[in-house]
2 protein chains.
Amino acid sequence: MKIDFKFTLEKTDGQARAGLMETPHGKIETPIFMPVGTVGSVKTISPAELNDLGAQIILGNTYHLHLRPGDDVVAKHGGLAKFNSWNRPTLTDSGGFQVFSLAKMNKITDEGVHFRSHLDGSKLFLNPESSIQIQQNIGADIMMAFDECVSLPAEHKYVADSVERTFRWAKRSYDARTNEKQALFGIIQGGADHELRKLSAQQITSIPFDGYAIGGLSVGEEIPVMYDICSHTTQFMPNDKPRYLMGVGTPQDLLHCISYGVDMFDCVMPTRNARNGLLFTSKGKLHIKRKEWQLSDEPIDAKCDCYTCKNFSRGYLRHLFKAGELLGMRLQSLHNLYFYLSLVKSARNAINLGVYNKYMNETLEEMSTGGE
Amino acid sequence: MKIDFKFTLEKTDGQARAGLMETPHGKIETPIFMPVGTVGSVKTISPAELNDLGAQIILGNTYHLHLRPGDDVVAKHGGLAKFNSWNRPTLTDSGGFQVFSLAKMNKITDEGVHFRSHLDGSKLFLNPESSIQIQQNIGADIMMAFDECVSLPAEHKYVADSVERTFRWAKRSYDARTNEKQALFGIIQGGADHELRKLSAQQITSIPFDGYAIGGLSVGEEIPVMYDICSHTTQFMPNDKPRYLMGVGTPQDLLHCISYGVDMFDCVMPTRNARNGLLFTSKGKLHIKRKEWQLSDEPIDAKCDCYTCKNFSRGYLRHLFKAGELLGMRLQSLHNLYFYLSLVKSARNAINLGVYNKYMNETLEEMSTGGE
């Protein structure tokens, strides 16, 4: 089956990479950050704004969309990108992460996972075949293989078993795909263990997926461990396929992991933190609720060109936050997403200019000056 | 004192009027609907969107802004229109309505009103002088006199006393104003009583306010009573000053009351109903939560040109509503505001063409066909 998906590695700078993905819904320049639209909307943000922000691809969560509105409903609406009027590339996870982290009373067998809905407690079952079927209903340009994501720390034996199960499930996921319009990525597991990560990378990359992801990081381990495992794992991943680090992370994480050769990221951090009043700036984090901003007419970040920073003061945003006004969540989500998307865009430019390490070090240095 | 405010009556069509208000922050074409920005933001909607929607003036609530962030804070940020980055005309109510309806344990004397904050129970006091002082701190282009708003039904004696008190408070409000950049409107009370309304109108219009409002309607009376009192009261209001019907109402209410000669309206209905999933369309109301919309790819209103109707299906909006997604509240608020603002814009066009009654009757007829 000829898949309607193409990745071109355009430029390398050390381990850092600039590339181009082509999907049925359009092109994606990497490295890229993918805003998370859990149930089919990036919370508070419109598709027109996502476009203006420079977003190129958004993520939907298979678990959430399966429960509500139901993947059959999404299918009848013409698939996710049409349903939510984004009309550009989308990616769905396999549902595995949510089943292991969010759902209740899951029971894992080699066949699949029994669990209960976090919404109404109803009994559900997910396995590689049903995950791919659901993802085909949702219709994203990129699907993810069904894997077992282990929380860290974990016993070596458990992680080793999960690597083998993830391999078996990856093969079943690969065989289950029937739609040539949807790319499918495999997921490498292996916890914080170098040998298991190498083994899983070799196993998963032996299957001709359209791209490869690093799963099971940012799940409880220390940041230096995450960086170490990420940089260790990318060396066993092929150069000619996109590399996706799932669920990561802070702006600093993105910069470091781009230097290890990662092309794609997703994380709820910019939007979730925005709703909680935690903002990202070129000088580090800023808590909008602080009393010291009450009379401030400064923007969140004087260096930022987003709509929020061009029009609103910290004083006004603090007021909206304290008063629980939804517009505040929205304006702050817009800013944080702009910050993330601009960061990866600048990273791409730096790679193309062959100055990525300089860019990364200067950006990290400035981010450490804010003091919050 | 020469007030920086001008009203020009441009055209009449029966009792219906088209006019132009000029304020320090810009011009306003009447009839106009004013979106409500209670604590300084029209809930979920950005100033850029309000502009695109055709909003010309927004309202802020003195009571809410006094409590949070504090009118002194708004003043230090340069006034409401600068604080919230709207930068166009604004209007503040007197705080009276909220004191009587929202605050706890109020005690009314001729001096003013003692009440407790609905936020923290702290003891507060508001009278004509302090209301005007607070409104001058907030800095809206149009301020409202401090009045007593009586819920209906009410005893004749109580309403008669409140008319006299409202007159005394109106004179004190007028005398308290010291800023020539802010217009001040008086408010006519009198409940559902023709004689008291006439008396109050004669009393209030004897004070040279920059405009006059009808208060104390849409406070519990039947709709025909509201229409009757509105049309009765406008005949005692001068032609050369703007007329504002406070806190009203449905699209039907606006159309009827424009025919009685009202120029200005405000109401939380379009935004509050939007957040609750109740939408206004050319064929009447639509409840987005209904199961029948699950697979609908129709927009809210096929005749509507708003961003929401141009891009999103009832099926998607229903999903966002069921999932509690903030984007749904936002897209629906945008639609309802567009509906209201387009309605009054069309009303103005019809008045200018001398066909208002035909426009009103046809629009009301079509609104009655939806059947919800």
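Residues numbered from 1 in each chain as written. Chains lettered and ligands numbered in written order. Predicted model: local features only at pLDDT ≥ 70, side-chain atom pairs only at ≥ 80, totals over all residues. Heavy atoms only, no water.

### A look at the sheet that holds strand 3 (residues 26–30) of chain B
Paired through backbone hydrogen bonds, the strands of a sheet run either parallel or antiparallel to each other. Residues and elements named next belong to chain B. Applied cut-off: Pairs of strands are assigned from DSSP output, requiring at least two bridges between the strands. The helix count covers DSSP runs of H or I at least four residues long, the strand count covers runs of E at least two residues long, and both are numbered beginning at the N terminus. For helices, the fitted line uses only the C-alpha atoms of the stretch in contact; every axis is such a line through C-alpha atoms, and the angle between N-to-C directions lies from 0 to 180 degrees.
Here three strands make up an open sheet; going across it, the order is 1-2-3 and the pairing antiparallel. Two strands bound the open sheet, and with one partner strand each, they are strand 1 (6–13) and strand 3. On average, adjacent strands in this sheet sit at an angle of 10° to one another, irrespective of strand direction. The pairing of strand 2 (residues 16–23) with strand 3 spans five bridges and is classified as antiparallel. Paired with E22 across the strands is K27, a residue of strand 3.

### Description of the relation of the copies chain A and chain B
How we decide: The copies are overlaid by a least-squares fit using only the C-alpha atoms of residues whose pLDDT is at least 70 in both copies.
Once chain A is rotated about the relating axis by 180° and shifted along it by 0.0 Å, it coincides with chain B to within an RMSD of 0.0 Å. What the rotation and shift describe, once combined, is the action of a two-fold rotation axis. Taking the C-alpha atom as reference, chain A places L326 of chain A closest to the rotation axis, 3.9 Å from it.

### Considering the interface of chain A and chain B
In plain terms, the rule: Whether two residues touch is decided by their heavy atoms; if any such pair falls within 4.5 Å, the residues are in contact. Buried area: the sum, over both parts, of the accessible surface (1.4 Å probe) that disappears when the two are put together. For this document, the term salt bridge refers to a Lys or Arg side-chain nitrogen within 4 Å of an Asp or Glu carboxyl oxygen. Polar contact is defined as a pair of N or O atoms within 3.5 Å, subject to the rule that within protein one atom must be able to donate a hydrogen and the other to accept it, and that residues adjacent in sequence are counted only when both atoms are side-chain atoms. Note that Gly is not counted as nonpolar here; it falls among the polar residues with everything else outside the nonpolar set of Ala, Val, Leu, Ile, Met, Phe, Trp, Tyr, Cys and Pro and the charged set of Asp, Glu, Lys and Arg.
On the chain B side, the residues contacting the 39 residues of chain A number 39 residues. Between chain A and chain B, roughly 3200 Å² of surface is buried when both sides are summed, and carbon and sulfur atoms account for 59% of that area. Put simply, chain A and chain B have four salt bridges between them. Of the charged contacts, one joins R330 of chain A and E49 of chain B as a salt bridge, the two residues approaching to 2.7 Å between their closest N and O atoms. Applying the counting criterion to the chain A and chain B interface returns 18 residue pairs in polar contact (both at pLDDT 80 or more). Looking at which element gives the most residues to the side of chain A that touches chain B, the answer is helix 13 (residues 314–322) of chain A, with five residues. When the residues that make up the side of chain A that touches chain B are grouped by side-chain class, the tally is 17 nonpolar, 13 polar and nine charged.

### With respect to the pairing of strand 9 (residues 123–126) of chain A
All names here are of chain A. Operational definition: Under the scheme applied here, a residue whose accessible area is under 20% of the maximum for its type counts as buried, over 50% as exposed, and between as partly exposed, the area being computed with a 1.4 Å probe on protein chains only.
By the alternation rule, side chains of strand 9 split into L124 and L126, which are all buried, and K123 and F125, of which none is buried. Inspection of the sheet shows strand 8 (residues 113–116) paired to strand 9 by four bridges, in the antiparallel sense. Across the sheet, residue V113 finds its bridge partner in strand 9, namely L126.

### Some thoughts on the sheet that holds strand 1 (residues 6–13) of chain A
All names here are of chain A. An order of 1-2-3 is seen for the three strands of this open sheet, with the pairing classed as antiparallel. Strands with a single pairing partner mark the edges of an open sheet, and in this sheet they are strand 1 and strand 3 (26–30). Shown here is a sheet whose adjacent strand axes are inclined to one another by a mean of 10°, direction ignored.

### Observations concerning unusual backbone geometry
Residue and element names in this part refer to chain A. Residues R68 and P69 are joined by a peptide bond in cis, for which omega reads 10°. Checked against the element boundaries, P69 lands in the loop between helix 2 (62–67) and helix 3 (71–76). The omega angle of the peptide bond from L152 to P153 is 0°, so this bond is cis rather than trans. Tracing the backbone through its elements, the reader meets P153 in the loop between strand 10 (142–144) and helix 7 (156–176). Unusually for a residue other than glycine, S85 sits at a positive phi of about 65°.

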